[in-house]
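Geometric and topological summary
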Amino acid sequence: MIYRILALLLCTLLVIPVMSQSDDKPYEGTSLNFLYLATAFTNGLKELEPEFEELTGISVEFELLDEEGSVRKTQLELASGAGNYDVVGIQSGNIPLYAENGWVTPVENFWGTDVSDPAVLDVDDLIGSTMNAMAWDGVQQCLPFFAATIIMYYQIDIFEAAGIESPPTTYDELLEIAPLLHTDEVPLIALRGNPPAAHGNIWHFNSFFHGEGAKFFVDFPNDLTPTVNSPEAIRALTNFVTLKNNYGPEGVAAYQYPDVTRAMQQGTVVMVMEGAPLAGRIMDPEESKVSGNLGFAVVPGGAAGPKPSFAAHGICVTADSAHQEAAYTFLEWALSFDTMKKISLALPQIAVTRDSLWEDPDFIAKYDYDFGAGSFLKAFQDSLAAAPADYYPAFAGWPLMGDILGQAVQEAEIGARTPEDALNHANELITQMLEDEGYLP
Amino acid sequence: MAAYQPIPQRAYYKYLSPSIIVLLLLTVLPVLFTLYLSTSSLSFASPRPERFIGLRNYSRLLDDARFLASIPVSALFIVAPVALQLVLGFIVAVVMNERLPGMRWLRYVLVAPMVIPPIVTGLTWRVLFTPKLGSVNYFLSLIGLEGPSWLTDANWALTAIVIVAVWGWTPFVALMFLAAMQSFPDELYEAAVIDGATWVQSVRHVTLPLLKPTFTFIGILRTMEALGIFPIIYIVTAGGPAAATETVNFYAYVSGFSYLKVGYASAIIVVFFFMLLLIIGPMTRLLLRNFQVDS
């Protein structure tokens, strides 16, 4: 008899959660794990999580790390197939890697099913270039929440004092005016130097590389014979190294993006070419010494014109998640107009990926900085328009190739090799790597 | 009262078997799996499926300049910090043993570097070494020296790592020496004084010979720990500039987790494992011999 009572009790306990799930909260009680970089947007999601939980009954645990840590941990977790995380963030350069290894469930798989609500996601409102950056082989893998590019920030009064009326539009111009602006106390420019990797110094160097019209390969994706030592590439690296070594602060080769941001924020350099999304931090009213004195412009270009950096960050449902539908529900909510707007107004999240939000009066009122030398939002939008879609070549070997190139850039910076030697050496190593990995015969 | 019955030999194995099984699962199996991976082409950055490639990963290591360069860096990060820690630790311990005023407080201060997590240590030193921002070059300028570019010059970056390692572990070495010294009988020092020995002669002819086993023990302990140096490099220099501060295990990490070349990284780790055996094997024998002598 006692066994029957226990069995009945057990059945009742099993049924209770099912009964408690209402039709509008089909995944109530589900707990998701989220892993990515700590950004204004992901921090905002964490703050708004109680709203999501109230709406859907799904709770989300956030694990937000630094850039290097988040990339490494995400890749390790996904490669292991442990299924510990249901939602992960991604940078657009890694989309081929994640897609080819089957680490993420394409978001397209959910479209047209009961779990999807097209009105909430409103795909057509998401900026096309960022959506393309999150697609692979014609399939939408993840959804973009962050449209990153770089702009030039400069101190207006120092330019005026040197008699320079407008920011340089070419590297030649920049190198010409550099001696007029540079002093030992306030060096001209800070650019990222560390880590020597695809997500480090290459984020900046590629802008110089594309700007000179250099190409990574003979004919991507048909012929992957590398050409990173072309005359255009050597010119790009020479300019990059000249600017940093002659007109940068001491130790700039070790600068990471927080160092560059801090240098501009504290006014210890005249200018930086840094992420437009970092404007909020650079002009933080409590910490900034340059707010009110900054001009904004598209970065200079070389023979091929200005080519600002471009990357999108997105979020994906992991292939090994046991809660696929609940995870997609979270993605839709996170990318919805309402959530994105709330976060962008509450936190310094400028790099939004919705066209409608760029035109939203509240958004414009908050972010359209203009201190007499041009609009920040215009510089941002012009840069996004000028940024090459193939800023990082879309193939799974790019992170490795970018790291080899990053090492070469750093070697040239510290004088271990000349720019030409460094790129020749890098071209050899990349050729070897492409052969080893099966991209070249 | 029942007579004493010796436990049969088989029973020892029975009692030990759970521990042995756990040990096998946690140590031997991963090593075997790493050995297997080192003979595979597994790379998440490659479009080719994983396949058995025999010893090709190992033969590639012989031509990999970055791997070959990481070997002397590993050796440097073992020899230099451990030697400096032993010398400085000994000096600090001798001074602290003199029961001078304030020594008790110095002990508390010395414990601090040991309890600070390596990540915090690394971040702090990274800032300290940054020109203009950090204070290392500022203090050097006070004594008329121009501070170098610590993190962007290959030689100075190596020096920076050694400094951080010495700073972090010298207090531990000093406290170990101090503990040993305080167990030495006072009579030996009194006899030395009666024989007319100076303070320096007492240290040289009494303290040092008595400390010899402790030197060996701490030297071995610190060497073993120094072999695994990782978080300091990761935070302070990230292996840079231009891979100048990359050790063998750091390069394995980069190959595996940055380049996603799992097979190749496994081969590096296997080679590193045998390097460790070459160093740790004789040391362990020495350590055991010391214990036998002591017992």
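Everything numeric in this text was worked out from a predicted model, so none of it was measured.

Turning to the overall build of chain B, a few remarks are in order. Each helix and strand in chain B was counted, giving twelve helices and zero strands. Along the chain direction, N to C, the helices and strands of chain B fall in the order α-α-α-α-α-α-α-α-α-α-α-α. For chain B, the spread of C-alpha atoms along the three principal axes comes to 80 × 80 × 30 Å. Sorting the 295 residues of chain B into buried and exposed places 30% on the buried side. When contacts within chain B are restricted to residue pairs at least 6 apart in sequence, long-range pairs at least 24 apart make up 70% of them.

Attention now moves to the packing of helix 3 (residues 65-96) of chain B against helix 7 (residues 154-181) of chain B. Residues and elements named next belong to chain B. Their axes nearest at 6 Å, the elements helix 3 and helix 7 cross at an angle of 40°. Classified by the angle their axes make, helix 3 and helix 7 are oblique. Considering how the two elements wind past one another, helix 3 and helix 7 form a crossing that is right-handed. Among the residues forming the contact of helix 3 with helix 7, the class breakdown is 22 nonpolar, three polar and no charged.

Among the nonpolar cores identified, the biggest contains 191 residues, and Ile151(A) and Leu331(A) are the most heavily contacted of them. Sorting elements by how many residues they give to this core places helix 7 of chain B first, with twelve residues. Mapping this core onto the domain boundaries places at least three of its residues in each of domain 1 (27-147 + 311-365) and domain 2 (149-310 + 379-436) of chain A. Not counting chain neighbours up to four residues away, the residues in contact with Ile151(A) comprise Ala276(A), Phe296(A), Ala297(A), Val298(A), Val299(A), Pro308(A), Ala379(A), Phe380(A) and Ser383(A).

This part covers the domain arrangement of chain A. Residues and elements named next belong to chain A. In terms of domain boundaries, chain A breaks down into domain 1 (27-147 + 311-365) and domain 2 (149-310 + 379-436). The straight-line distance from the C-alpha centre of domain 1 to that of domain 2 is 28 Å. Contacts between the two partners involve 17 residues from domain 1 and, on the opposite side, 19 residues from domain 2. At the level of elements, helix 3 (67-80), helix 4 (95-100), helix 6 (128-133) and strand 7 (143-155) are the ones that each hand at least two residues to the side of domain 1 that touches domain 2. Looking at the side of domain 1 that touches domain 2 residue by residue, the classes come out as nine nonpolar, five polar and three charged.

Cut-offs applied
- Residues numbered from 1 in each chain as written.
- Chains lettered and ligands numbered in written order.
- Predicted model: local features only at pLDDT ≥ 70, side-chain atom pairs only at ≥ 80, totals over all residues.
- Helix = DSSP H or I, 4+ residues; strand = E, 2+ residues; numbered from the N terminus.
- Buried ≥ 20, exposed ≤ 12 C-beta atoms within 10 Å, placed from the backbone.
- Contact = placed C-beta atoms within 7 Å.
- Axes fitted to C-alpha atoms, helices over the stretch in contact; angles between N-to-C directions.
- Parallel < 35°, antiparallel > 145°, perpendicular 65-115°, else oblique.
- Left-handed = near helix turned anticlockwise from the far one by under 90°.
- Nonpolar A, V, L, I, M, F, W, Y, C, P; charged D, E, K, R; others polar.
- Core = buried A, V, L, I, M, F, W, Y, C linked by C-beta atoms within 7 Å.
- Domains from an automatic or database assignment.

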